[in-house]
Each structure stands twice: as C-alpha cells, then as structure tokens.
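Single-letter residue listing:
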Amino acid sequence: MEKEKYSEELNVAVRVVHMACSLCQKVQKGLLGKAFGDDDEVKSKDDDSLVTIADWSVQATVSWILSNTFGSEFVSIVAEEDVQTLSKPESAGLLGKVVSTVNECLAQASRYGLKGPDKILGPSEILEAISRCNSKGGPLGRHWVLDPVDGTLGFVRGGQYAVALALIDNAEVVVGVLGCPNYHMKRDRHNKQQQNHISSEVPVPSPDMLEEGCVMYSKKGTGEAWVQPTVYGDGKYEWPNFAKQVRVSPIDDPALATFCEPVERANSNHSFAAGLASSVGLRNKPLRVYSMVKYAAIAQGDAEIFMKFARAGYKEKIWDHAAGVLIVQEAGGVVTDAGGRSLDFSKGIYLESLDRGIVACSGTKLHEKLIGAVYASWESSSL
Ligand SMILES: Nc1ncnc2c1ncn2[C@@H]1O[C@H](COP(=O)(O)OS(=O)(=O)O)[C@@H](OP(=O)(O)O)[C@H]1O
Ligand SMILES: [Mg+2]
Ligand SMILES: [Mg+2]
Ligand SMILES: [Mg+2]
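Conventions we followed
Residues numbered from 1 in each chain as written. Chains lettered and ligands numbered in written order. Predicted model: local features only at pLDDT ≥ 70, side-chain atom pairs only at ≥ 80, totals over all residues. Heavy atoms only, no water. Phe/Tyr/Trp six-rings, centres within 6.5 Å; stacked < 30°, edge-to-face > 60°. Helix = DSSP H or I, 4+ residues; strand = E, 2+ residues; numbered from the N terminus. Buried < 20%, exposed > 50% of the residue type's maximum accessible area, 1.4 Å probe, protein only. Pairing = 2+ DSSP bridges. Contact = heavy atoms within 4.5 Å. Axes fitted to C-alpha atoms, helices over the stretch in contact; angles between N-to-C directions. Patch = residues over 30% accessible without salt bridge, like charges linked within 9 Å, V, L, I, M, F, W, Y side chains within 5 Å. Areas by Shrake-Rupley, 256 points an atom, 1.4 Å probe, with all protein chains shown as cover. Salt bridge = Lys/Arg side-chain N within 4 Å of Asp/Glu carboxyl O. Lys, Arg positive; Asp, Glu negative; His and termini not counted. Charge placed at Lys NZ, Arg CZ, Asp CG, Glu CD. Core = buried A, V, L, I, M, F, W, Y, C linked by side-chain atoms within 4.5 Å. Parallel < 35°, antiparallel > 145°, perpendicular 65-115°, else oblique. Polar contact = N/O pair within 3.5 Å; in protein donor to acceptor, adjacent residues only side chain to side chain. Donors = N, O, S within 2.8 Å, 3.2 Å for Na, K, Ca; no water.

Peer 1: How do you make sense of the packing of aromatic side chains when you look at a structure like this?
Peer 2: Ring pairs (aromatic) are described by centroid distance and by the angle formed between their planes. Tallying each qualifying case throughout the model produces four aromatic pairs. Each ring, one from Phe 70 and one from Trp 144, has its centre 6.0 Å from the other, and the planes form 25°; the classification is stacked. One end of the pair, Phe 70, is in helix 2 (residues 53-70); the other, Trp 144, is in strand 4 (residues 142-150), and 74 residues separate them in sequence. Judged by its relative accessible area of 4%, Trp 144 falls in the buried class. Measuring from ring centre to ring centre gives 4.8 Å for Phe 272 and Phe 309, while their planes differ by 90°; the resulting arrangement is edge-to-face. Linking Phe 272 in helix 6 (residues 270-280) with Phe 309 in the loop between strand 12 (305-308) and helix 8 (322-330), this pair joins segments that are 37 residues apart in sequence.

Set out below in structure tokens:
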C-alpha cells in the first residue's frame with residue numbers, strides 16, 4: 001500500500017474522534033451528577049440496551065464532519081444508532097439536548113483543524129446527519145464504520161467506553177481509530193518514539209497528559225499503531241498534541257499473561273473463557289472492562305488476550321470490532337474468530353460467519369494455544 005494512501009481519511013478520523021471524546025467527557029460528567037434513571041438523557045432500546053444523548057450526538061457530529069469533508073454523495077457510513085426514538089414528538093426535549101450538544105461540539109471544530117458549519121444546525125439537519133449513517137456496508141467500495149459510544153453501559157456507570165471509527169475499503173479495514181476518554185496511555189519513562197503524524201509540531205508531553213484519556217489509531221499495512229492523549233475542551237491541552245507508538249506485550253508465557261473480557265455475563269460466556277484460560281495455563285484473574293478499550297489494552301501491552309463468546313444466535317456487529325481489530329493487528333497482535341479464521345468484514349453490518357467468538361492475542365504463541373483449547377473443549381463437549 002502506498003504510504004500516503006488513506007492519510008487524509010486517517011487525519012480527519014483522528015481529529016473527529018478527539019472531538020467526540022471531548023463531547024462524551026462533558027456528557028458523562030453531566031450524567032454522573034444525576035441519580036441513575038432520574039433523567040431523560042438515557043433511554044432503553046427495543047433490545048433493552050441503552051442509548052444516550054452522547055451516542056446520538058457523536059453519530060451526528062462524525063457524520064456531519066465526514067460528509068462535509070469528503071462530500072455526502074461519496075460517504076457511506078455504517079453506524080449503530082437510528083433516529084426512531086429521537087424523532088418522536090414526545091422526544092422533543094431529548095432532541096433539543098442532542099442539537100445543543102452537537103452544535104457546541106462542532107463550534108470547536110477549528111481547534112482540531114477541521115471545518116465546522118457556518119451557522120447553527122437545526123433539529124432536522126441533526127436528524128438527517130444521524131440517519132445518513134444507515135449504509136449497510138458490504139463487499140465493495142468504501143464504508144466508514146462507526147460505534148459512536150461503545151460500552152454505553154460503562155459510559156452511564158462512569159466507567160470505560162470508546163468511540164470507534166474505521167474505514168473499510170473493499171472489505172478490508174484500512175483505517176482504525178479508537179477514542180478511549182477514560183483510558184490512559186501507557187506511561188514509559190523514555191518516550192523515545194514520540195512523533196506526530198497528524199502535525200509537524202511535536203510538543204513535549206507533560207507527565208499529567210499521560211493520566212488522561214487517549215486516542216489510538218492505525219493504518220493497514222504500516223505495522224504501526226499510535227496513541228495520543230485526549231485534548232479537552234477546557235483548554236488544558238491544545239491541539240496538536242504528540243503521538244507515541246504502541247506495541248503489544250512481549251509476554252508469551254500463559255502463566256504471566258492477562259486476559260480481558262466483557263463485564264456482563266449476558267455479553268460473553270465467562271465460564272467458557274475461564275475453562276479455556278485454565279486449560280492453557282493462564283493464572284491471572286480476568287480483567288473485565290467495558291467496550292473496545294479491551295482492544296486498546298492489548299494494543300498497548302496492558303493485557304495479552306481478549307476473548308468474547310457471545311451467546312449462540314447473537315451476531316457480532318462490525319462497528320464493535322473493526323477499529324480495534326486493525327489497531328491490535330498493526331501493533332503486532334493476532335485477531336481471529338474462535339475457529340482461528342480472520343474476521344470477515346465483507347458481509348454488511350454483521351460478522352456473519354463468525355465461529356463461536358473472538359480471540360485477540362498479543363502474539364501467535366498464545367493465540368495458537370487458545371485456539372487449540374477451543375477445539376479441544378469443543379471435541380470433549382461433543383463426545
Ligand atoms: N447479547 C449480547 N451479546 C454480545 N454482545 C452484545 C450483546 N448485546 C449487545 N452486545 C454488544 O456488546 C457491546 C458491548 O460490549 P462490551 O464488551 O462492552 O460488553 S460489556 O458491557 O463489558 O459486558 C455493545 O456495544 P454498545 O451497544 O456500543 O455498547 C453491543 O453492541
Ligand atoms: Mg448500543
Ligand atoms: Mg458497541
Ligand atoms: Mg454503541
């Protein structure tokens with residue numbers, strides 16, 4: 001792949017994810033000041049999962065920036081949220097909050113080197129921006145894939161969550177950006193690799209920058225993944241900020257490795273993962289973390305393994321994985337389904353032919369052991 005290919009897409013994606021992180025920070029702070037269930041900013045969807053003003057507002061913001069930058073007729077976006085609830089007459093208050101949140105965020109676009117709207121966007125333009133993300137993806141052409149807030153449960157509980165944006169080109173994930181507003185980049189005393197791909201200026205990081213959230217990103221085929229601290233709306237850190245290369249952990253001894261998995265039992269079979277863990281000799285307790293922050297943890301070497309085994313019948317969606325998978329792979333890791341096959345992003349919004357679950361590892365040695373254990377457990381359970 002030519003070096004410059006997708007550079008502009010990556011550049012815009014990183015900036016808009018930084019904007020989205022700042023938006024989410026503000027909304028999460030506001031939510032945490034209220035008693036859970038005591039506000040109208042969190043709604044339940046038909047499948048009982050949650051959606052908040054942050055989910056809709058990030059989707060509108062990213063959609064507006066991508067469409068305005070690349071031309072709406074050229075942009076296909078596959079994203080999680082729709083406007084069903086938001087466009088009901090009784091949701092006028094909720095829509096009003098989304099409209100002001102999006103406008104407040106877009107007003108900051110120039111701080112991130114992006115162009116915002118010339119005038120305030122009205123409710124119909126915001127609804128249009130959200131519903132424009134209704135592409136079904138597929139095997140051909142370019143599709144942006146967005147999870148505006150991944151781990152919404154973590155978000156409303158004051159925990160980890162992520163903003164995930166990827167670009168798929170002819171079924172391959174070519175750009176991945178993961179905003180993790182509550183997950184800090186790894187501290188390392190030397191920071192020799194700092195460099196900035198997004199700008200020529202390279203400010204020196206102050207130690208407290210490393211305590212804040214981060215945005216990770218990568219481009220397919222580069223063999224590199226990068227992390228930046230988040231830029232906050234309070235003017236504490238100004239854009240452009242620096243970037244540091246991330247790399248997976250060198251640990252390949254199961255006895256020293258740590259695995260992460262979803263927090264909720266409903267989302268992943270904890271006992272199946274525990275069985276695999278013990279059969280390959282993992283000793284550490286699982287790290288249960290909301291959202292795609294689990295991929296970020298693998299990419300920067302905070303953990304070695306991520307396993308997710310959803311219940312039979314649940315179909316994984318591409319926006320829950322695309323950005324994280326690319327970042328882990330380019331940082332040196334391996335990600336497949338539980339049968340050891342690559343994930344197939346060509347079938348539209350679902351990972352259609354996924355075999356049982358997802359296994360992401362820092363290296364092939366751990367990965368082979370885990371896939372072997374999946375096969376062994378499968379054989380013994382079907383005896
Ligand atoms: N039943 C079921 N099984 C498996 N996965 C499901 C299920 N229901 C939802 N989801 C998707 O899981 C996303 C959240 O994954 P997490 O790893 O954050 O799960 S957890 O909250 O830590 O348990 C979550 O993403 P968000 O909706 O963006 O939060 C969902 O897309
Ligand atoms: Mg959701
Ligand atoms: Mg999600
Ligand atoms: Mg989501």
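Peer 1: Would you take a moment to explain the sheet that holds strand 11 (residues 287-288) for this structure?
Peer 2: In a beta sheet, neighbouring strands pair by backbone hydrogen bonds and run either parallel or antiparallel. Strands sit in the order 11-10-12-14-13 across an open sheet of five strands; the sheet is mixed. The open sheet has two edge strands, strand 11 and strand 13 (334-337), and neither has a second partner. The pairing of strand 12 with strand 14 (residues 358-361) spans four bridges and is classified as antiparallel. Across the sheet, residue Phe 306 finds its bridge partner in strand 14, namely Ala 360. In this fold helix 6 packs onto strand 10 (259-261), strand 11 and strand 12, with an angle of close to 170° to the strand it touches most, strand 10.

Peer 1: Just checking my understanding: could you explain a negative patch on the surface for this structure?
Peer 2: A cluster of like negative charges, contributed by Asp 46, Asp 47, Asp 48 and Asp 82, occupies part of the molecular surface. Inspection of the secondary structure puts Asp 82 in the loop between strand 3 (77-79) and helix 3 (92-106). Here Asp 82 falls in the partly exposed class, since its relative accessible area comes to 43%.

Peer 1: Would you explain the nonpolar core in this entry?
Peer 2: One broad trend across soluble globular proteins is that nonpolar side chains are buried collectively. The biggest cluster of nonpolar side chains holds 65 residues, and the ones touching the most others in it are Ile 65, Phe 155, Leu 165 and Val 177. For this core, the leading source of residues is helix 1 (residues 7-32), giving 13 residues.

Peer 1: Help me understand the packing of helix 2 against helix 4 (residues 123-131) in this model?
Peer 2: Between two packed helices, what matters for the description is the angle formed by their axes and the separation of those axes. Packing of helix 2 against helix 4 brings their axes to within 8 Å, and their N-to-C directions diverge by 85°. As far as their axial angle goes, helix 4 and helix 2 are roughly perpendicular. Within the contact between the two elements, helix 2 uses Trp 56, Gln 59, Ala 60, Ser 63 and Trp 64 and helix 4 uses Ile 126, Ala 129 and Ile 130.

Peer 1: Please clarify how the pattern of salt bridges should be interpreted in this entry.
Peer 2: Where side chains of opposite charge bring their charged atoms close, a pairing between them can arise. Counted by the stated rule, this structure contains 18 salt bridges. Lys 315 is the salt-bridge partner of Glu 352, the closest N and O atoms lying 3.3 Å from each other. Linking Glu 352 in the loop between strand 13 and strand 14 with Lys 315 in the loop between strand 12 and helix 8, this pair joins segments that are 37 residues apart in sequence. Since its relative accessible area comes to 37%, Glu 352 is described here as partly exposed. Arg 356 is the partner of Asp 355 in a salt bridge, and the nearest nitrogen-oxygen pair spans 2.7 Å. The class for Asp 355 is buried, based on a relative accessible area of 16%.

Peer 1: What should I look at first to understand unusual backbone geometry in this one?
Peer 2: Of note, Asn 170 is a non-glycine position whose phi angle comes to about 45°, a positive value. For Asn 170, the position within the fold is in the loop between strand 5 (162-169) and strand 6 (172-180). Phi is positive for Ser 291, which is not a glycine, with a value near 75°.

Peer 1: What exactly am I supposed to notice about the environment of Ser 100 here?
Peer 2: If you trace the backbone, Ser 100 turns up in helix 3. A distance of 3.2 Å separates a polar side-chain atom of Ser 100 from the backbone oxygen of Lys 97.

Peer 1: So what exactly am I meant to see when it comes to the coordination of the magnesium ion (ligand 4) here?
Peer 2: Each pair of donors in an ideal four-coordinate tetrahedral metal site encloses 109.5 degrees, whereas pairs in an ideal six-coordinate octahedral site enclose 90 or 180 degrees. Each protein donor to the magnesium ion (ligand 4) is listed here as Glu 80 (OE), Asp 147 (OD) and Val 149 (O); together their distances run 2.0 to 2.2 Å. A separation of 3.6 Å is found between the magnesium ion (ligand 4) and the magnesium ion (ligand 2), which share Glu 80 as a coordinating residue. Pair noted here: Glu 80 is in the loop between strand 3 and helix 3 and Val 149 is in strand 4, with a separation of 69 residues, a long-range link. Residue classification places Glu 80 among the partly exposed residues on the basis of a relative accessible area of 25%.

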